[in-house]
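# Structural description and commentary
Each chain, written out:
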Amino acid sequence: MVLNAEHQRELLNESGLKMLSLCISQIEKATEAFITHDSDLAEEVINTETRVNALDLKIENDCEKFLALYNPVAIDLRFIMAVLKINFDLERIADHAYGISRYIVDQDKKIAPHLLKSLEFEKMYNTIMSMFENITVAYQEKDVKSARKVFKKDKILDKINANSFAVIEKEIKKDPTIIDQTLLIFGVIKKFERVGDLIKNVAEEIIFYIDAEVVKHKNKK
Amino acid sequence: MAKEMEITKEKKITMQQVEDSSSNSASKIEIKDVKVWYDDFMAIKGIDMSIKPNTVTAFIGPSGCGKSTFLRLFNRMNDYVDGFKMEGKIKLNGKNIYKNKVNVEELRKQVGMVFQKPNPFPKSIFENVAYGLKIQGIKDKKFINERVEKALKQADLWDEVKDNLKKSALALSGGQQQRLCIARTLAVEPSIILMDEPTSALDPISTAKIEDLIFELKEKYTIIIVTHNMQQASRISDYTAFFYIGELIEFDKTKTIFTNPEKQQTENYITGRFG
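The rules behind the values
Residues numbered from 1 in each chain as written. Chains lettered and ligands numbered in written order. Predicted model: local features only at pLDDT ≥ 70, side-chain atom pairs only at ≥ 80, totals over all residues. Helix = DSSP H or I, 4+ residues; strand = E, 2+ residues; numbered from the N terminus. Rg over C-alpha atoms; globule rule 2.2 N^0.38 Å. Buried ≥ 20, exposed ≤ 12 C-beta atoms within 10 Å, placed from the backbone. Contact = placed C-beta atoms within 7 Å. Pairing = 2+ DSSP bridges. Axes fitted to C-alpha atoms, helices over the stretch in contact; angles between N-to-C directions. Nonpolar A, V, L, I, M, F, W, Y, C, P; charged D, E, K, R; others polar. pLDDT = per-residue confidence, 0-100. Core = buried A, V, L, I, M, F, W, Y, C linked by C-beta atoms within 7 Å. Parallel < 35°, antiparallel > 145°, perpendicular 65-115°, else oblique. Left-handed = near helix turned anticlockwise from the far one by under 90°. Expected span 1.5 Å × (residues − 1). Right-handed = clockwise from strand over helix to strand, strands pointing away.

In this section: the overall build of chain B. For chain B, the helix and strand inventory stands at 11 helices and 10 strands. Taking 275 residues into account, the globule formula puts the C-alpha radius of gyration at 19 Å, and chain B, at 18 Å, falls close to it. Projected onto its principal axes, the C-alpha positions of chain B cover 55 × 45 × 30 Å. Residues counted as buried form 44% of the 275 residues belonging to chain B. Here the analysis covers contacts within chain B between residues at least 6 apart in sequence; of these, 71% occur between residues at least 24 apart.

What follows covers the overall build of chain A. Of the regular secondary structure elements, chain A holds seven helices and zero strands. Reading chain A from its N end, one meets helices and strands in the order α-α-α-α-α-α-α. Whereas a compact globule of 221 residues would reach a radius of gyration of roughly 17 Å, chain A reaches 19 Å, a difference of no more than 12%. Referenced to the eigenvectors of the C-alpha coordinate spread, the extents of chain A come out at roughly 65 × 40 × 20 Å. Here chain A, with 221 residues, has 41% of them falling under the buried criterion. Considering only intrachain contacts with a sequence separation of at least 6, the fraction spanning at least 24 residues in chain A is 79%.

The subject of this paragraph is the sheet that holds strand β3 (residues 56-60) of chain B. Residues and elements named next belong to chain B. The strand order β6-β7-β8-β3-β9-β10 describes an open sheet built from six strands, whose pairing is mixed. Edge strands, defined here as strands with exactly one partner in the open sheet, are β6 (111-114) and β10 (247-253). Sheet twist, expressed as the average angle between the axes of neighbouring strands with direction ignored, equals 15°. In the sheet, strand β7 (residues 192-196) pairs with strand β8 (residues 222-226) via five bridges, with the strands oriented parallel. By the bridge assignment for β8, L194 is matched with I224.

This part takes up the interface of chain A and chain B. The interface of chain A with chain B comprises nine residues on the first partner and 12 residues on the second. Grouping the constituent residues of the side of chain A that touches chain B by class yields seven nonpolar, one polar and one charged.

Chain-level statistics for chain A give a pLDDT mean of 94 and a share of 98% at 70 or above. Ranking the elements of chain A by mean pLDDT puts helix α4 (residues 113-118) of chain A last, at 92, and helix α5 (residues 121-141) of chain A first, at 97.

Turning to the environment of B:K99, a few remarks are in order. Residues and elements named next belong to chain B. With respect to the helices and strands, the residue K99 is situated in the loop between β5 (95-96) and α3 (104-110). By the C-beta count within 10 Å, which is 12 here, K99 ends up exposed. Sequence separation of K99 and T240 is 141 residues, and the distance between their C-alpha atoms is 28 Å.

Counting 134 residues, the largest nonpolar core has A:I135, A:I206 and B:A183 as its most contacted members. No other element matches the 15 residues that helix α3 (residues 74-106) of chain A contributes to this core. Look past the residues within four positions of B:A183 in its chain and what remains in contact with it is B:V129, B:A151, B:L152, B:Q154, B:A155 and B:L157.

With that settled, the discussion passes to the packing of helix α4 (residues 125-135) of chain B against helix α7 (residues 174-187) of chain B. All names here are of chain B. Running from N to C, α4 and α7 point in directions that differ by 30°, and their axes come no closer than 7 Å. Classified by the interaxial angle, the pair formed by α4 and α7 is roughly parallel. As for the relative orientation of α4 and α7, their crossing is right-handed in sense. For the pair α4 and α7, the contacting residues are I125, N128, V129, A130, Y131, G132 and L133 in the first and L180, A183, R184 and A187 in the second. Residue classes in the contact of α4 with α7 are distributed as eight nonpolar, two polar and one charged.

Another point: the sheet that holds β5(B). Residue and element names in this part refer to chain B. Sheet architecture is open: four strands sit in the order β2-β1-β4-β5, paired in antiparallel fashion. Each edge of the sheet is formed by a strand with only one pairing partner; in this case those strands are β2 (41-51) and β5. With two bridges connecting them, strand β4 (residues 84-92) and β5 associate as antiparallel partners. Bridged to L92 within β5 is K95.

A few words on helix α7 (residues 179-211) of chain A. An ideal rise of 1.5 Å per residue puts 48 Å on 33 residues; α7(A) measures up with 48 Å between its terminal C-alpha atoms. One or two residues past the end of α7(A) sits A:A212, with phi positive at roughly 60°.

This brings us to the environment of A:D180. Residue and element names in this part refer to chain A. Position of D180 among the secondary structure elements: in helix α7. Classification of D180 by C-beta neighbours within 10 Å gives exposed; the count is 9. Considering only alpha carbons, one finds D180 and K170, 10 residues apart in sequence, at a separation of 14 Å.

Further remarks concern the pairing of β8(B). Residues and elements named next belong to chain B. Across the five residues that make up β8, a large majority, five, are buried. Along β8, one buried face is formed by T222, I224 and V226 and the opposite face, lined by I223 and I225, is buried too. Relative to β8, β3 is paired through four bridges, and the arrangement is parallel. By the bridge assignment, V56 is partnered in β8 with I223. For the segment spanning β7, helix α8 (residues 204-217) and β8, crossover handedness is right-handed.

Written out as structure tokens, the structure is:
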């Protein structure tokens, strides 16, 4: 690959990493705002969404230029395809952070700590953060093993999400006055579950880029 | 080319092994442990390969890797190169073309070749296309006329030259001249067409026409093309062979070579990281 193309590829790689860090930060801040009921922090996430969108467009545009100008093949083509798809997934993750933040700004409801505990909210959040760490290492160091770690962790999120309905039903029966809080947290849990799926997609794309292996729609251990 | 054809006339032994040269059904080529030397220099270091009929196979690799030498083995173009020596077998539909009794002239009716630079003869368009038929001794004017028209149509040149068949071929544009050379090759109805960088001297429009033509010709012929243009190889070929310093490094379906090649050397070459 010619020097200029190599340079452009490196810039694109850096943009991808920047998008990843930005989206992780958005989820972190949105969750903190949700738990601490910090509407200022939630506003910050909402405002930062425009930066996410701008970076999303920049990456898309750079990928298009790279495809048109350098005709990448083999590993370079897989890299561009992966960056395009990862970028799409990350932007969706940031959308979920935005959605969570909107809940805080639009609805003035603090969530009772026992509700967060019974719904394993913290475990869910920590699992997501751990998955983010795995894909960051995988992306930066081309480490397929690290990418594969997220598949098992996503199952933890799926399980918590699947149990959440029954837990909420039980909690409402105990105290019907918390119905508005439960609806709110149920919405966030759904978003967390979806974030887990999107992180899994990112891991699949990293594996495709590095090993040329398509793991999408396959059973993963 | 004319000179080469004259030389081949010296070999008068009739070749029954490469029979029915005008049948124009695409041929299968099998290459077994082929080695080539130019004096002490080993240009091809033992290659095995099988080329399927009705496919386009691209030979790629850096300059001096032996791909053109290898291509020219299929119609014995290297026979007259000083110091050329070859070992191994090249079978066309099961018959070894390097057997002593093979008539090279007959072989070349079956294996046509198009070169890097268009090389029309300083004759009319018609005479260029009819040349191969005439040196075969065919005199039937109606037959020759039909073959010339058919070949020019196959080469996608007929509509552009049908009213000027007596015009000098040298007056055509570079792209038209190259299609004329393809028509000249097609007129004798070979079953294999060898192309040695056929578009390297052409502009993008003419290149696209030749590429379209290759795609269409694949239905009837087996085509092998040497190209330095990676995008061309990926656009038009079914199979790609990567050569490096006289060795066949990788030979696979083009879509595999250009998406996920097995060998690191191949990946480095097609992504422009060496070569």
